[in-house]
Amino acid sequence: MKTIRIPEEEYLTRAKRAAQMTAERGLDALFLFGSEGDFQNVRYFTSVTPIWERLGVVITASGKAAMLTGPEGLTYCQQYCKLDKVFALNALRSSMDPIPGKFRMTSFQDVLTELGVTCKHPKIAIGNPIDTTTVIEQTMHEDLPDAVFSYAPEIMRVLRAAKSENELACLRESYRIVQLATDACLEKMRPGMTECNLLGIAHSVIFENGAETDGMPNYIFFDEATRHPLGRPRPDRALKRNSFVQLGLSASIDGYCGSIGVPVSMGAFTPEQRKLVEFGRLVHNWTKEHTRAGVHMSEIDKAYYDLFVDSGMKEHYVYDPLHGLGLAEVESYRPKNDDPDYIILPEYTFQTDNFLLSDTFGFRFETGICVHKNGIEEFGKALGELYELGF
């Protein structure tokens, strides 16, 4: 089986670009941190996903870079990290708060010294403050009392927005596998199955076809649970003959996440369900038609909301129709009405995430797209079929 991965030289190019952006902002070093759930910025430079512990990356303005880990992850990171240097710090330990034991650890000051940052008042930026724990940030201030700290989340947002051909290859393969898993669930789902039974069907296809893991916790919800914007499948919810189902499956190829979401009726859609599902299909296709290079995202936002209002569907509107896509099913650059300067550029990737909500059910039509200079590329087959299984 052919393995699709990001080549090693691309990781080095990413670090160089980040170093250049760090230097342009007058900074001496950029720090990034991640957890098992929010690993994207660390994996972008290292190819490593955290396990229990936090992981980190530091990139200096001069172009040197290193990975940071807690005490137990050192050998794992040393084996798989694409950066030459890996340091263990107790501040990145797991939430079990283990005793350090025999592990040799260092400090943030020692890390910077090793990378050549020796000025008395180094200018340090944290690139993803929302993923940086209080313990990590407090330890940084203790280890580096003379440093000048700031936040710089824009660096990674800019770096990760436009995708390389290697990143697009990972996404294409991810969506290919997710489509296979979706088709398998549609074929095999029967009354009496639980949400977790369907998850098992999806997993068997995802792993058999070469994915490393889910791209996110898979959305497999029945009936009133379809109203949840976030959730996980449960073993105590079973399909009925007339159940309303939300499938939202995902797979990861070298960290890149594809996800496909469709509503399904085990029997036939009720008149209320059909009316809303058909409108959801309409706004999904509208989103793809209007997402183009050079367009201001705020224009899409406003026109999308107006479409709900003008169609008498305002009460079913939940949120904007697009979010970033790549190393996570939701990347930054979710559209915001108060961001008029945000313009879509070629090779930006998005998830068309059209979530509609009623008092008794909810659903999404969603898939991935890449914006090219002369149009969009849709990952996987176009959505639009209404799935009524006739039980």
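Residues numbered from 1 in each chain as written. Predicted model: local features only at pLDDT ≥ 70, side-chain atom pairs only at ≥ 80, totals over all residues. Heavy atoms only, no water.

### Notes on the overall build of the chain
Scanning the chain for helices and strands turns up 10 helices and 14 strands. Taken over the C-alpha trace, the chain has a radius of gyration of 23 Å; the compact-globule value for 391 residues is 21 Å, and the two agree within 12%. The principal-axis extents of the C-alpha atoms in the chain amount to approximately 70 × 45 × 40 Å. Per-residue burial for the chain yields a buried fraction of 53% across its 391 residues. In the structure as shown, the chain presents an accessible area of about 17,300 Å², 51% of it carried by carbon and sulfur atoms. Once the 41 positive and 54 negative side-chain charges of the chain are each reduced to a mean point, those two points are 2 Å apart. (Helix = DSSP H or I, 4+ residues; strand = E, 2+ residues; numbered from the N terminus. Rg over C-alpha atoms; globule rule 2.2 N^0.38 Å. Buried < 20%, exposed > 50% of the residue type's maximum accessible area, 1.4 Å probe, protein only. Areas by Shrake-Rupley, 256 points an atom, 1.4 Å probe, with all protein chains shown as cover. Lys, Arg positive; Asp, Glu negative; His and termini not counted. Charge placed at Lys NZ, Arg CZ, Asp CG, Glu CD.)

### Some thoughts on a nonpolar patch on the surface
Together, I51, W52, Y76, Y80 and M96 make up an exposed nonpolar region whose accessible area comes to about 590 Å². Given a relative accessible area of 58%, M96 falls into the exposed group. (Patch = residues over 30% accessible without salt bridge, like charges linked within 9 Å, V, L, I, M, F, W, Y side chains within 5 Å. Salt bridge = Lys/Arg side-chain N within 4 Å of Asp/Glu carboxyl O.)

### Thoughts on the state of the cysteines
Going through the model one piece at a time under the given rule, you end up with zero disulfides. Left without a disulfide partner, C77 is nearest to the cysteine sulfur of C81, which lies 6.8 Å away. C77 gets classed as buried once you look at its relative accessible area, which sits at 0%. In this structure C170 is a free cysteine whose sulfur lies 12 Å from that of C257, the closest cysteine sulfur available. Residue C170 is classed as buried on the basis of its relative accessible area, which comes to 0%. (Disulfide = S-S within 2.5 Å.)

### Quick notes on the pairing of strand β7 (residues 219-222)
Side-chain alternation along β7 places Y219 and F221 on one buried face and I220 and F222 on a second face that is also buried. Of the strand pairs in this sheet, β7 and strand β8 (residues 244-253) are connected by four bridges, and their pairing is antiparallel. For F222, the partnering residue across the bridge sits in β8 and is V245. (Pairing = 2+ DSSP bridges.)

### Quick notes on the sheet that holds strand β4 (residues 85-88)
Ordered in space as β4-β3-β2-β1-β5-β6, the six strands form an open sheet in which the pairing is mixed. Every other strand in the sheet has two partners, leaving β4 and β6 (148-151) as the edge strands with one partner each. Taking each pair of neighbouring strands and ignoring which way they run, the sheet shows an average axis angle of 25 degrees. Alignment of strand β2 (residues 55-60) against strand β3 (residues 65-69), held across five bridges, turns out to be antiparallel. Pairing of I59 across the sheet is with A65, part of β3. Contacts between helix α1 (residues 8-24) and the sheet are confined to β1 (29-34) and β2, with β2 contributing the most and set at about 60 degrees to the helix. (Axes fitted to C-alpha atoms, helices over the stretch in contact; angles between N-to-C directions. Contact = heavy atoms within 4.5 Å.)

### Re the packing of α1 against helix α6 (residues 154-161)
Remark: α1 packs on α6, axes separated minimally by 11 Å, with the N-to-C direction vectors making an angle of 140 degrees. Judged by the angle between their axes, α1 and α6 are oblique. Between α1 and α6 the crossing geometry is right-handed. Facing α1, whose interface residues are R17, A18, M21 and T22, α6 presents I155, V158 and L159. In the contact of α1 with α6, the residues fall into five nonpolar, one polar and one charged. (Parallel < 35°, antiparallel > 145°, perpendicular 65-115°, else oblique. Left-handed = near helix turned anticlockwise from the far one by under 90°. Nonpolar A, V, L, I, M, F, W, Y, C, P; charged D, E, K, R; others polar.)

### Looking at the pairing of β4
Of the pairings in the sheet, the one linking β3 to β4 comprises four bridges and is parallel in character. By the bridge assignment for β4, T69 is matched with A88. Handedness of the crossover is the feature at issue here: the chain leaves β3, passes through helix α3 (residues 74-80), returns alongside β4, and the resulting connection is right-handed. (Right-handed = clockwise from strand over helix to strand, strands pointing away.)

### Focus on helix α10 (residues 297-310)
For α10, built from 14 residues, the straight-helix expectation of 20 Å at 1.5 Å per residue is met to within 8% by its first-to-last C-alpha distance of 20 Å. Those residues of α10 not exposed but buried are M297, S298, I300, D301, Y304, L307 and F308. Trailing α10 by a residue or two, G312 shows a phi angle of about 70 degrees, which is positive. (Expected span 1.5 Å × (residues − 1).)

### Describing the packing of aromatic side chains
Taken as a whole and judged by the stated rule, the model has 20 aromatic pairs. Judged by centre distance (5.0 Å) and plane angle (80 degrees), the rings of Y305 and Y317 are edge-to-face. Of this pair, Y305 sits in helix α10 while Y317 sits in the loop between α10 and β10 (322-324), and the two are 12 residues apart along the sequence. Here the aromatic residues F279, W286, Y304, Y305, F308 and Y317 are joined through ring pairs into a cluster of three or more. The side chain of R14 reaches across the aromatic face of Y11, ending 5.1 Å from its centre. Directly above the ring of Y44 sits R14, whose terminal nitrogen or CZ lies 4.1 Å from the centroid. (Phe/Tyr/Trp six-rings, centres within 6.5 Å; stacked < 30°, edge-to-face > 60°. Lys NZ or Arg CZ within 6 Å of the ring centre and 35° of its normal.)

Structural measurements only, silent on function.
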